[in-house]
Amino acid sequence: MVGCSWMWSHRNYLIILLTPLLLLPLPLLIPTPEAKCGYAIILMALYWCTECMPLAVTALLPVVLFPMMGIMESGAVCVQYLKDSNMLFIGGLLVAIAVENWNLHKRIALRVLLVVGVRPALLMSGFMGVTAFLSMWISNTATTAMMVPIAQAVLGQLCATEAGQDERELQVEGKDNQAFELDTKAPQEEDTKQDLVKIQQDYMYKDEERDADSPLERRRKERELKYQLLTKGMSLSVCYSASIGGTATLTGTTPNLILKGQMDEIFPGNGDVINFASWFGFAFPNMIIMLILSWLWLQFMYMGFNMKKSFGCGKKNEGDKEAFAVMKEEYRKLGSMTFAEGAVLTIFVLLVVMWFTREPGFMPGWATVLFNKDGAFVTDGTVAIFMSTLFFIIPSRPFCCGSAEEEEGEAGEEGKKKQKAPAALLNWHVVHERMPWNIILLLGGGFALASGSEASGLSQWLGESLAPLQSIPPFGISLLLCLLVGTFTECSSNTATTTLFLPILASMATAIRLHPLYVMLPCTICASLAFMLPVATPPNAIVFSYGNLKVMDMVKAGFMLNMIGILTINMGINTWGDAMFQLSTFPDWANITHGTKP
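Residues numbered from 1 in each chain as written. Predicted model: local features only at pLDDT ≥ 70, side-chain atom pairs only at ≥ 80, totals over all residues. Heavy atoms only, no water.

1. Considering the overall build of the chain
- In terms of helices and strands, the chain carries 30 helices and 2 strands.
- Looking at the chain as a whole, 52% of its 598 residues are labelled buried.
- In the chain, the share of contacts with a sequence separation of at least 24, taken over all contacts with a separation of at least 6, comes to 78%.
- Within the structure as shown, the chain displays about 27500 Å² of accessible surface, and the carbon and sulfur contribution to it stands at 65%. (Helix = DSSP H or I, 4+ residues; strand = E, 2+ residues; numbered from the N terminus. Buried < 20%, exposed > 50% of the residue type's maximum accessible area, 1.4 Å probe, protein only. Contact = heavy atoms within 4.5 Å. Areas by Shrake-Rupley, 256 points an atom, 1.4 Å probe, with all protein chains shown as cover.)

Listed below in structure tokens is the structure:
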């Protein structure tokens, strides 16, 4: 028993040491470049799945393994770690950091929620819409961390108000028990969870003083059940919509950028088939459909379909007004929009417009007319870095409003005032703290694996081995692969999942003469749809940490949403996706990559 406990506590060290030794017969018995590359990929896959080492450290293994095994030269491997897709990722993150730094995302969220209102169904749809929109541009984790406390505060006020009404009824009926005092102040975000627990405990202690069969007691139980279900539904709606929203833009989540990078690495002549505009054209309608279906499913699970109660008709009650006041107070605390917020918003809007118009597809974009006549000189990464650089140039307030600070003069005189220039919208200290540098290494590790697979011939060998799949209808292949990836990503990082699967899918597609995007695109989106387990994604873990959910709550709701996502994506890839990317034909750029003839 002690030995088992020791092995479990030291499991990471055992995996790190024993895994390469157990896999060593593969390159020793089959001393071919394909087997050596396979050894490196399997080793990295096991390290990624078990997370025995940090994911980013595992992503650096190709720098060591590929040169030592004679697969690629060190310089050729290292250059994979900072490609155009990484620049696009860095630029997108700089924009997200600026938005978060000036609290612009919270202003947008609260403004929309004030418009939507606090009736249950409308409130859930409002939270889902706002969360999905924000996660299109900033990280899913940051969006969830901001939205969940707001949701908890609103629900806490609704519950407290309704409880107070029941207590006042007790007093009117002449009950001796003292009703707890209703706090009319807006609950703070960090105290909301405790408030909800306290309310439930207060009523538990008063159960002995109440008649279990009284109408008031029945209403209390119904109210507790209602808010318990509403809290669960609202929490799940936030984390699920964060994951769904991230699929809508190329920079919304890491797997999207991995697909972009892998396509450019494996199929260099693809003609920039995946860019910001083309991705948005396919993924945004899919995101809207998934969001609506997810809202309907969560509405059915946790609130039912009583439209009168869910949507509300007529005059607002006291609970609605006080819950609305919570959001209004939070919005008031933000004050009026500052110069810095306006500048960040302007840069953000200009960046999105430039991304859309760079190469829209249906007409020549500004980059084609001005720069890209003789080649793809200007990419989405170029635009992202250019616009994000402005954050370090533009001041956070007008120069005419620079602050005068008292400083001690050179001769020790006090009271001298020196005009201080305003700080820029962003500084490197903030960026250094908030930039997820590990993801950049993860992206590079994926590109290095794809390059090593091509150089060693492993990709071609895998493609030939998967050739019998040609007898299966394409939609069946796509559906099965989406189910496989969707299952795998529940217990593994979505970044690691796409990094491992995409090169294999590309090899398979070229071997059976299927458009690579027909399988790579839906599987990439499915990698982001991890809804069933708290450990599957950071947004799931955040809402689970509040203590309102059980694992089975997430499993029951998430299983159906996984099925909805897979079916929706496959519907999209066979309808408007086919029209956008001509997925029914095998492209010449995919055929040329592996040196085969049509």
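2. So, the packing of aromatic side chains
- Tallied over the entire structure, the rule returns 16 aromatic pairs.
- Through a chain of ring-to-ring contacts, three or more aromatic side chains come together here, namely Phe133, Trp137, Phe276, Phe280, Phe284, Phe348, Trp355 and Phe356.
- Geometry around Trp8 places Arg11 over its ring, the cationic atom sitting 4.1 Å from the centre.
- The ring centre of Tyr331 lies 5.2 Å from the NZ or CZ of Arg111, which sits over that ring. (Phe/Tyr/Trp six-rings, centres within 6.5 Å; stacked < 30°, edge-to-face > 60°. Lys NZ or Arg CZ within 6 Å of the ring centre and 35° of its normal.)

3. Notes on the nonpolar core
- Counting 158 residues, the largest nonpolar core has Trp48, Phe127, Met147, Leu236, Tyr240, Val519 and Met520 as the members making the most contacts within it.
- Trp48 has contacts with Leu55, Thr58, Ala59, Leu442, Leu449, Ala496, Thr499 and Leu500, leaving out every residue within four places of it along the chain. (Core = buried A, V, L, I, M, F, W, Y, C linked by side-chain atoms within 4.5 Å.)

4. Notes on helix α22 (residues 437-456)
- In this model α22 runs 29 Å from its N-terminal to its C-terminal C-alpha over 20 residues, within 8% of the 28 Å that 1.5 Å per residue would give.
- Of all the 20 residues making up α22, 15 are buried; the element is thus mostly covered by neighbouring parts of the structure.
- Following α22 by one or two positions, Gly457 has its phi on the positive side, about 90 degrees. (Expected span 1.5 Å × (residues − 1).)

5. Details of the pattern of salt bridges
- Following the criterion strictly, the structure yields 10 salt bridges and no others.
- The partner of Arg332 in a salt bridge is Glu329, with the nearest N and O atoms 2.7 Å apart. With a gap of 3 residues between them, Arg332 and Glu329 both fall in helix α17 (residues 318-333), about one helical turn apart.
- Here the residues in one salt-bridge network are Lys260, Asp264, Asp272, Arg358 and Asp380, joined through shared partners. (Salt bridge = Lys/Arg side-chain N within 4 Å of Asp/Glu carboxyl O.)

6. Details of the packing of helix α8 (residues 84-101) against helix α20 (residues 380-389)
- α20 packs onto α8 with a crossing angle of 35 degrees between their chain directions and a minimal axis gap of 8 Å. When you trace α8 past α20, the crossing you get is left-handed. In this structure, α8 uses Asp84, Met87, Leu88, Ile90, Gly91, Gly92 and Leu94 to contact α20, whose residues at the interface are Asp380, Gly381, Ala384, Ile385 and Ser388.
- Along the lines of polarity and charge, the residues of the contact of α8 with α20 split into 6 nonpolar, 4 polar and 2 charged. (Axes fitted to C-alpha atoms, helices over the stretch in contact; angles between N-to-C directions. Left-handed = near helix turned anticlockwise from the far one by under 90°. Nonpolar A, V, L, I, M, F, W, Y, C, P; charged D, E, K, R; others polar.)

7. What to know about the environment of Val116
- Locating Val116 in the fold gives a position in helix α9 (residues 104-116).
- For Val116, a relative accessible area of 26% corresponds to the partly exposed category.
- Filtering out sequence-adjacent residues up to four positions away, Val116 remains in contact with Leu122, Leu123 and Gly126.

8. Some points on a nonpolar patch on the surface
- Together, Leu17, Leu18, Leu21, Leu22, Leu24, Leu28, Leu29 and Ile30 give the surface a local cluster of nonpolar side chains, amounting to about 870 Å² of exposed area.
- For the nonpolar patch, the secondary structure elements donating two or more residues are α2 (11-23) and α3 (25-29).
- Among the elements that make up the nonpolar patch, the one with the highest residue count is α2 (4 residues).
- The residue Leu22 is located in helix α2 in this model.
- Owing to a relative accessible area of 68%, Leu22 belongs among the exposed residues under this scheme. (Patch = residues over 30% accessible without salt bridge, like charges linked within 9 Å, V, L, I, M, F, W, Y side chains within 5 Å.)

9. Here we look at the side chain of Ser235
- With respect to the helices, strands and loops of the structure, Ser235 is situated in helix α13 (residues 215-245).
- Engagement of the side chain of Ser235 in a polar contact is seen with the side chain of Gln152, the distance being 3.5 Å. (Polar contact = N/O pair within 3.5 Å; in protein donor to acceptor, adjacent residues only side chain to side chain.)

10. What to know about the side chain of Thr254
- Along the chain, Thr254 falls in helix α14 (residues 254-266).
- Under the relative-accessibility criterion, Thr254 is labelled buried at 11%.
- Discounting chain neighbours no more than four positions away, the residues touching Thr254 are Phe89, Ile439, Leu443 and Thr495.

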